Amino acid sequence: MSKRTLELRRVVVTGLGAFTPVGIGADSSWKAMVNGTSGIDTIKQFDATGYPCDFAGEVPEFDAGEYMSVKDARKMDRFMQLGICAGVEAFRDSGLEVTEENAERIGVYIGSGIGGINTIESTTLLHQARGIRKVSPFYIPMTITNMISGHVSIMHNLKGPNLSMVTACSTGTHAIGEAGRLIEYGDADVMVAGGSEAPISPTALAGFASARALSRRNDDPSTASRPWDTGRDGFVMGEGAGVLVLEEYEHARKRGARIYAELSGFGMSGDAYHMTSPSPGGEGASRCMNAAIKNAGLTPEDIHYVNAHGTSTPLGDVAETMAVKLTFGDHANKLAVSSNKSMIGHLLGAAGGVEAVMTSMSVYHQQIPPTINLVDQDPECDLDYVPGTARDAKIDAALSNSFGFGGTNGTLIFSKV
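Colleague: How would you sum up helix α4 (residues 117-130)? Please name residues and give values.
Modeller: Across its 14 residues, α4 extends 20 Å between first and last C-alpha, which sits within 8% of the 20 Å expected from 1.5 Å per residue. Turning to α4, its buried residues number three or more, namely Ile117, Thr119, Glu121 and Thr123. In this structure, the buried side of α4 is in contact with α5 (139-143) and α8 (202-210).

Structure representation (structure tokens):
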């Protein structure tokens with residue numbers, strides 16, 4: 001019988017990268033969100049005229065060629081470009097230097113909920129119209145999810161764990177949480193982790209619209225994403241990527257790294273209820289938050305801020321509100337809760353990555369981005385959602401939620417170091 005004992009190691013955040021509908025780069029995105037800027041507008045990537053929803057959150061003026069060769073970028077779907085560029089930015093921000101001695105201790109864990117849907121669509125049409133010889137030899141590596149991690153690994157000579165994750169809208173959160181555990185358990189000293197998504201395509205838009213999941217405020221896109229407001233009528237699709245560099249605490253301290261926050265807790269759960277709807281009363285989400293709080297060695301009263309999933313859907317916003325109450329009890333009324341999605345829309349598999357970046361920033365700057373477009377608060381959603389204006393606040397620990405189709409839930413906790 002094994003007698004091995006294991007002491008879990010601390011994990012901290014030392015690098016941030018984000019490409020979002022409100023900014024190129026983590027700092028730019030953070031400043032825009034603190035200012036309450038909306039990144040939602042009429043779709044530019046294709047003509048969405050006639051669709052029930054013709055708007056989304058698109059990353060503005062994105063040029064992958066600033067982070068990689070134009071030749072390499074042409075061999076990648078947009079979701080891959082976004083994820084790689086966010087990974088490169090996070091790695092640069094961390095100040096890490098890769099050597100032959102440490103390369104095997106640095107890994108990558110970046111996921112996507114959908115993958116290369118734009119390339120799949122365009123290649124299918126090309127194949128049908130012009131035959132097999134017109135299908136690119138790069139078609140498969142342009143579309144499969146794990147190629148973000150593969151490219152980041154190759155670009156930086158990272159020889160540690162090389163993984164990907166697909167759990168719908170919880171992808172980014174789960175990838176970060178699992179990457180943190182690889183460091184906790186000693187499988188790596190550093191992990192580049194997060195999520196990326198570029199889902200703004202004709203069939204994806206049509207599919208979500210057909211499911212009546214999307215807002216239809218075509219006359220005023222910038223106010224369409226309105227979590228917890230009585231006028232909310234569905235989520236807004238968004239694209240982007242959010243990636244963190246996670247590092248073992250002593251490893252980071254010894255090299256004098258800037259530490260944004262500690263990844264102190266991670267929790268998961270399954271609703272086991274419905275393909276797309278949350279479990280009644282937010283029971284599954286509550287179990288997920290409780291698991292993260294327990295993993296962090298904290299109590300509910302230790303949490304000061306919740307970066308909510310907050311999708312602007314009629315059912316989801318009520319369920320998350322109920323889940324917060326179920327988890328925190330009376331302390332729920334003392335929490336600040338806000339939704340980045342009110343400004344950037346729902347980035348699906350990238351949402352948890354971007355929101356983890358912003359939650360880390362909140363802990364580092366002791367500031368909470370607002371929930372915009374909250375004009376008429378739903379009586380069933382009666383928490384403090386930081387409406388309209390950013391707020392300076394004491395944040396010793398902040399919690400970030402992600403919930404996905406299939407009833408998959410993930411929660412991260414970031415603490416002040």
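Next comes the rest of the write-up.
Colleague: With reference to specific residues and values, describe the pattern of salt bridges.
Modeller: In the structure shown here, the tally under the stated rule is 17 salt bridges. Between Arg232 and Asp378 there is a salt bridge, and its shortest N-O distance comes to 3.1 Å. Of this pair, Arg232 sits in the loop between α8 and β8 (240-248) while Asp378 sits in the loop between β12 (367-368) and β13 (391-392), and the two are 146 residues apart along the sequence. Pair check on accessibility: Arg232 and Asp378 agree, each one buried. Among the ionic contacts, a cluster of salt bridges with common partners joins Arg9, Arg105 and Asp189.

Colleague: Please provide a residue-by-residue account of the pairing of strand β14 (residues 397-404), values included.
Modeller: Counting buried residues in β14 gives 8 out of 8 residues, a clear majority hidden from the surface. By the alternation rule, side chains of β14 split into Ala397, Leu399, Asn401 and Phe403 and Ala398, Ser400, Ser402 and Gly404, which are all buried. When strand β10 (residues 305-307) meets β14, the two strands line up parallel, connected through 3 bridges. When the sheet's bridge partners are listed, Val306 is paired in β14 with Leu399.

Colleague: I'd like a description of a nonpolar patch on the surface, backed by residues and values.
Modeller: Judged by side-chain polarity, Leu6, Leu8 and Tyr185 come together as a nonpolar surface patch covering roughly 290 Å² of accessible area. Following the sequence through the fold, Leu6 ends up in the segment before β1 (11-20). Residue classification places Leu6 among the partly exposed residues on the basis of a relative accessible area of 41%.

Calculation criteria
- Residues numbered from 1 in each chain as written.
- Predicted model: local features only at pLDDT ≥ 70, side-chain atom pairs only at ≥ 80, totals over all residues.
- Heavy atoms only, no water.
- Helix = DSSP H or I, 4+ residues; strand = E, 2+ residues; numbered from the N terminus.
- Expected span 1.5 Å × (residues − 1).
- Buried < 20%, exposed > 50% of the residue type's maximum accessible area, 1.4 Å probe, protein only.
- Contact = heavy atoms within 4.5 Å.
- Salt bridge = Lys/Arg side-chain N within 4 Å of Asp/Glu carboxyl O.
- Pairing = 2+ DSSP bridges.
- Patch = residues over 30% accessible without salt bridge, like charges linked within 9 Å, V, L, I, M, F, W, Y side chains within 5 Å.
- Areas by Shrake-Rupley, 256 points an atom, 1.4 Å probe, with all protein chains shown as cover.

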